[in-house]
Every structure is written in C-alpha cells, then in structure tokens.
Amino acid sequence: MINEIKGNNIILREQKIEDVKFFIYWYNQPLVMFQCGFTKLTDEEAEKERIWNRSY
C-alpha cells in the first residue's frame, strides 16, 4: 500500500497527530474559514479528535 504520493509541488499523505498545530493555524485564518465555510474557530482537542475519529 502506498503511504504517500509525491509530486513536484505537493505531497499527499494521511493526516497525522503531528499535523494538529498546522491545521489549527490554517483553519483559523479568516480567508480559509470563509472559503471553506467554517463558522467557528478550531482548537487542539477538536483537531486531534477529527484526525483520530475520521471515517473510512
């Protein structure tokens, strides 16, 4: 099974707990929130739960 796909400008891989701080920063940016339809800020606990409980 392939764990990640690398291209010239992108790397696709499964999200990891180590990524939580990046997602908190990124998802709390006003422009990103607007473009993605987010209506409330996120925090560390919410992002950890989202990564751990994702459905396949």
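Residues numbered from 1 in each chain as written. Predicted model: local features only at pLDDT ≥ 70, side-chain atom pairs only at ≥ 80, totals over all residues. Heavy atoms only, no water.

J.: Pulling in residues and values, what's your account of helix α1 (residues 20-27)?
T.: Looking only at α1, the buried set comprises V20, F23, I24 and Y27. Buried residues in α1, looked at end-on, bunch into an arc of 100°, giving them a common side. Seen from the buried face of α1, the exposed residues on the opposite side, beyond 90 degrees, are K21 and Y25. Buried-residue contacts for α1 involve α2 (30-36) and α3 (44-52). (Buried < 20%, exposed > 50% of the residue type's maximum accessible area, 1.4 Å probe, protein only. Helix = DSSP H or I, 4+ residues; strand = E, 2+ residues; numbered from the N terminus. Arc of directions from axis to C-beta. Contact = heavy atoms within 4.5 Å.)

J.: Go over the packing of α1 against α3, please, and point to the residues and values.
T.: Relative orientation and spacing of two packed helices are given, respectively, by the angle between their axes and the distance between those axes. Interhelical geometry of α1 versus α3 gives an angle of 115° and a closest axis separation of 9 Å. Seen along the crossing, α1 lies across α3 with a hand that is right-handed. Facing V20, K21, F23, I24 and Y27 of α1, the residues of α3 in contact are E44, E47, K48, R50 and I51. Grouping the amino acids of the contact of α1 with α3 by side-chain chemistry returns five nonpolar, no polar and five charged. (Axes fitted to C-alpha atoms, helices over the stretch in contact; angles between N-to-C directions. Left-handed = near helix turned anticlockwise from the far one by under 90°. Nonpolar A, V, L, I, M, F, W, Y, C, P; charged D, E, K, R; others polar.)

J.: Quick rundown of the packing of aromatic side chains? Include the residues and the values.
T.: Within this structure, the stated rule accounts for four aromatic pairs. Here F22 and F23 contribute two aromatic rings whose centre-to-centre distance is 5.6 Å and whose plane-to-plane angle is 70°, an arrangement assigned as edge-to-face. By relative accessible area, F22 is classed as partly exposed at 49%. Taking the relative accessible area as the measure of exposure, F23 reaches 10% and is therefore buried. Taken together, a centroid distance of 5.2 Å and an interplanar angle of 75° make the contact between Y27 and F38 edge-to-face. Note that Y27 is positioned in helix α1 and F38 in the loop between α2 and α3, a separation of 11 residues in sequence. Its relative accessible area of 18% is what places Y27 among the buried residues. (Phe/Tyr/Trp six-rings, centres within 6.5 Å; stacked < 30°, edge-to-face > 60°.)

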